[in-house]
Amino acid sequence: MTEITRRKFLKTGAKGAVLISVPYFFRLNPMAVLAAPEDDLMSVSDYFQHFGVNGAIIREVMETALSRGGNYCDLFFQHSINTYIGLEDDVVSRASTSVDFGVGIRVLKDDQTGYSFTEEITPEAMKLAARTAANIASGPAGTTATQFSARIPADYYPIRTSWESVEIDKRIPLIQKAGELAQSKDSRIVKTRAYLSDGVSYMLLATSEGVVSYDYQPMMRISISCTAEQNGKRENGSHNLSGRRGIEFITDDKIEYMTQKAVDQTVGLFDAVKPEAGEMPVVLAAGSSGILLHEAIGHGMEADFNRKGTSIFADKMGKKVAENFVSIVDDGTNQHMRGSINIDDEGNESQKTVLVENGILRSYLHDQISSRYYKVKPTGNGRRQSFRHQPLPRMRNTYMLPGPYKKEEIIASVKKGIFAETFAGGQVNIGPGDFSFYVKTGFLIEEGKVTRPVKDINIIGNGPEVLGRISMVADDFKFAEGGWTCGKSGQRVPVSVGLPSVLVSSITVGGVN
């Protein structure tokens, strides 16, 4: 094995945090797992050295992986460092740093997958894992690994300061400030919780088709939650900011903004009422309401569900699924957004994929397997939680494009309905698209005007039916500011959502009878 890298590492970061594990590769220099590389720009050869491999070693592993007749294989190397600091009132209640390091080896035999991983990146350990993955096939070797050609990734999330070089004493004051601000803004705030989580991931990918690529993915989320008390009654609210950003993003203005949003949401709930239950028009607010689009509609457009015939969109390609002014995209190229990726976890370039164009279903979200099945190019949606998981078709930043109406026009058109502003979770049956979402905050719409706040209501419906009932789309598109994480098949990946203000002509609203 070679040295970790010929580069000198800068000062170690996360000093004082708890080191949970030291991967095999770093045993001789354990603090190097928390260090930042010297230069911002790294090449394929730098990533080879970072993981202690070269083209010849990778080809040897691939030959083992393809030795039983597999017709494709890839190697996914990953080194990730994640830090979390939590503050409850004025006290640091939790701090941790975790390090993960390893390689996943995948072998495909048509649409069958063999997968294995190892945390020990030596030729012997990788070949052992490759032999396990190779067992998906049973025949003589046919495919061979070709010479590698570097695929240089885009740069959709440049940062000024790498999280590995940020000392722990630079992180704590940020959440202390958020907690102090929240308590100073309203005397009814009796408890605060704040946290900062950040991480980076180094990735190196090589495929038997000759592609070798790499990526450096930063991520951060800062959050404040408040508990307020009034006349013996308690309410809770929160707000968070997240993205593929460095610490320079968290300015005093950002902390002030985030904290004010959390306090306003919390104390506003004291005046909230429950609406009457029943079918009624619902206006989805611009921004985080896009989670409904992600869950109830976006999952149904992931190609694996359609390839298996379990999605309601499986027979709707090229057909009208919404009004002409409805267009939906899944985009991995938005600067600094949580779901953006320079390359996907199969080495394909990220892109903006049009799912619904002027009401017509135009594409599914593809990984390597589904693109082969449908005989189309991959859309850059092959994603995985870590080297321990095989890639699946996953969303990135999923959103609806702006429409022709004004928000004020939409609200004025509703005689009696709900303005749904923030969501706090829900359930979706991905096959048929049935959903139930919990609306954390919103307002009544009465005679074309937003009136009293509402809370603690559910909206219940079917994704494809709701898509067909979108009767107005505004021109005020917004991305969600906070951090959303999508779960599928036991894997979690960061995503973002977005939406303009949208009128759905009828949804079932749970309230009082």
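Structure's up top.
Residues numbered from 1 in each chain as written. Predicted model: local features only at pLDDT ≥ 70, side-chain atom pairs only at ≥ 80, totals over all residues. Heavy atoms only, no water.

Draft legend 1. Expanded view of the overall build of the protein. Along its length, the protein carries 10 helices and 22 strands. Scaling as 2.2 N^0.38, a compact globule of 513 residues should have a C-alpha radius of gyration of about 24 Å, and the protein matches this with 24 Å. When the backbone C-alpha atoms are referred to their principal axes, the protein occupies close to 70 × 55 × 30 Å. When burial is assessed residue by residue, the protein has 57% of its 513 residues classed as buried. (Helix = DSSP H or I, 4+ residues; strand = E, 2+ residues; numbered from the N terminus. Rg over C-alpha atoms; globule rule 2.2 N^0.38 Å. Buried < 20%, exposed > 50% of the residue type's maximum accessible area, 1.4 Å probe, protein only.)

Draft legend 2. Here's a closer look at helix H1 (residues 44-51). Counting buried positions over the eight residues of H1 gives six, a clear majority of the element. Considered for burial, the residues of H1 that qualify are Val-44, Asp-46, Tyr-47, Phe-48, His-50 and Phe-51. On the buried face of H1, the contacting elements are helix H2 (55-65), strand E1 (72-88), strand E2 (91-109), strand E4 (149-150), strand E5 (189-207) and strand E6 (211-230). At the C-terminal side of H1, Gly-52 shows a positive phi close to 70°. (Contact = heavy atoms within 4.5 Å.)

Draft legend 3. Spotlight on the pairing of E1. The buried fraction of E1 is high, at 14 of 17 residues. In this sheet, E2 lies alongside E1 in antiparallel orientation, the contact comprising 17 bridges. Looking at the pairing, Asp-74 lines up with Arg-106 of E2. Counting the residues that bridge the hairpin from E1 to E2 gives two residues, and of these Asp-89 lies at a positive phi of roughly 55°. Here E1 runs beside E5; their pairing, made up of 15 bridges, is antiparallel. The partner of Phe-76 across the bridge, within E5, is Leu-205. (Pairing = 2+ DSSP bridges.)

Draft legend 4. Up close: the packing of aromatic side chains. Applying the stated criterion across every chain, the model contains 15 aromatic pairs. Aromatic side chains Tyr-202 and Tyr-216 sit 5.0 Å apart centroid to centroid with 65° between the ring planes, which places their arrangement in the edge-to-face category. Taken together, the positions of Tyr-202 in strand E5 and Tyr-216 in strand E6 put the pair 14 residues apart, joining distant regions of the chain. Assessed through its relative accessible area of 1%, Tyr-202 is described here as buried. A network of ring pairs unites the aromatic residues Tyr-47, Tyr-202, Tyr-214 and Tyr-216 as a single cluster. One Lys or Arg, Arg-244, reaches over the ring of Tyr-157 and ends 5.2 Å from the middle of that ring. Directly above the ring of Phe-76 sits Arg-384, whose terminal nitrogen or CZ lies 4.0 Å from the centroid. (Phe/Tyr/Trp six-rings, centres within 6.5 Å; stacked < 30°, edge-to-face > 60°. Lys NZ or Arg CZ within 6 Å of the ring centre and 35° of its normal.)

Draft legend 5. A look at H2. Those residues of H2 not exposed but buried are Gly-55, Ile-57, Ile-58, Val-61, Met-62, Thr-64 and Ala-65. On the buried face of H2, the contacting elements are H1, E1, E2, helix H3 (123-134) and E5. Between a side-chain oxygen at the N-terminus of H2 and the backbone nitrogen of Ala-56 the separation is 3.0 Å; the capping residue is Asn-54. (Polar contact = N/O pair within 3.5 Å; in protein donor to acceptor, adjacent residues only side chain to side chain.)

Draft legend 6. Structural view of the environment of Ile-507. The topology assignment puts Ile-507 in strand E22 (residues 502-510). On the basis of relative accessible area, Ile-507 is assigned to the buried category, the value being 2%. Between the C-alpha atoms of Ile-507 and Gly-287, which are 220 residues apart in sequence, the distance is 19 Å. Contact partners of Ile-507, with chain neighbours within four places excluded, come to Gly-278, Glu-279, Met-280, Val-282, Ile-459, Ile-460 and Val-466.

Draft legend 7. The arrangement of the environment of Ile-105 in detail. Counting through the fold element by element, Ile-105 comes out in strand E2. Between the alpha carbons of Ile-105 and Val-61 there is a distance of 9.0 Å; along the sequence they are 44 residues apart. Beyond its immediate sequence surroundings of up to four residues, Ile-105 is in contact with Val-61, Ala-65, Asp-74, Leu-75, Gly-114, Tyr-115, Ser-116, Met-126, Ala-129, Ala-130 and Ala-133.

Draft legend 8. View of the packing of helix H4 (residues 168-185) against helix H5 (residues 252-268). Where H4 meets H5, the closest approach of the two axes is 9 Å, and the angle between their N-to-C directions is 45°. What the angle tells us is that H4 and H5 run oblique. The chirality of how H4 crosses H5 is right-handed. In this structure, H4 contributes Leu-174, Lys-177, Ala-178, Leu-181, Ala-182 and Lys-185 to the contact, and H5 contributes Asp-252, Ile-255, Glu-256, Met-258, Thr-259, Gln-260 and Val-263. (Axes fitted to C-alpha atoms, helices over the stretch in contact; angles between N-to-C directions. Parallel < 35°, antiparallel > 145°, perpendicular 65-115°, else oblique. Left-handed = near helix turned anticlockwise from the far one by under 90°.)

Draft legend 9. Region of interest: the nonpolar core. Residues Phe-77 and Ile-105 are the most contacted members of the largest nonpolar core, which totals 64 residues. The element best represented in this core is E6, accounting for eight residues. Ranked by size, the runner-up nonpolar core spans 43 residues in total, among them Ala-296, Ile-297, Met-395 and Ile-457. (Core = buried A, V, L, I, M, F, W, Y, C linked by side-chain atoms within 4.5 Å.)

Draft legend 10. Region of interest: the pairing of E5. By the criterion of burial, E5 is predominantly enclosed, with 15 of the 19 residues buried. Here E5 folds back onto E6 in antiparallel fashion, the turn holding three residues, of which Gly-210 has a positive phi close to 100°.

Draft legend 11. Just the pattern of salt bridges, in detail. Under the criterion given, the structure shown has 24 salt bridges. Here Arg-388 makes a salt bridge to Glu-119, at a shortest N to O gap of 2.3 Å. A residue pair is termed long-range when its members are at least 10 positions apart, and Arg-388 in the loop between strand E12 (382-383) and strand E13 (392-393) and Glu-119 in the loop between strand E3 (112-118) and H3 qualify at 269 residues. A relative accessible area of 41% places Glu-119 in the partly exposed class. Taking the shortest distance from any N to any O, the salt bridge between Lys-185 and Glu-256 comes out at 2.6 Å. In this pair, Lys-185 sits in helix H4 while Glu-256 sits in helix H5, placing the two residues 71 residues apart along the sequence. (Salt bridge = Lys/Arg side-chain N within 4 Å of Asp/Glu carboxyl O.)

Draft legend 12. Fine view of unusual backbone geometry. At Asn-231, a residue that is not glycine, the phi angle is positive and equals roughly 55°. Examined against the element boundaries, Asn-231 turns out to sit in the loop between E6 and strand E7 (233-243). Even without a glycine there, the phi angle at Asn-358 is positive, about 50°. Structurally, Asn-358 can be placed in the loop between strand E10 (352-357) and strand E11 (360-361). You can call Asn-358 partly exposed: its relative accessible area is 45%.

Draft legend 13. Representation of the environment of Ala-130. For Ala-130, the position within the fold is in helix H3. Spatially, the C-alpha atom of Ala-130 lies 8.3 Å from that of Leu-66, the residues being 64 residues apart in sequence. With sequence-adjacent residues up to four places away left out, Ala-130 is seen in contact with Val-61, Thr-64, Ala-65 and Ile-105.

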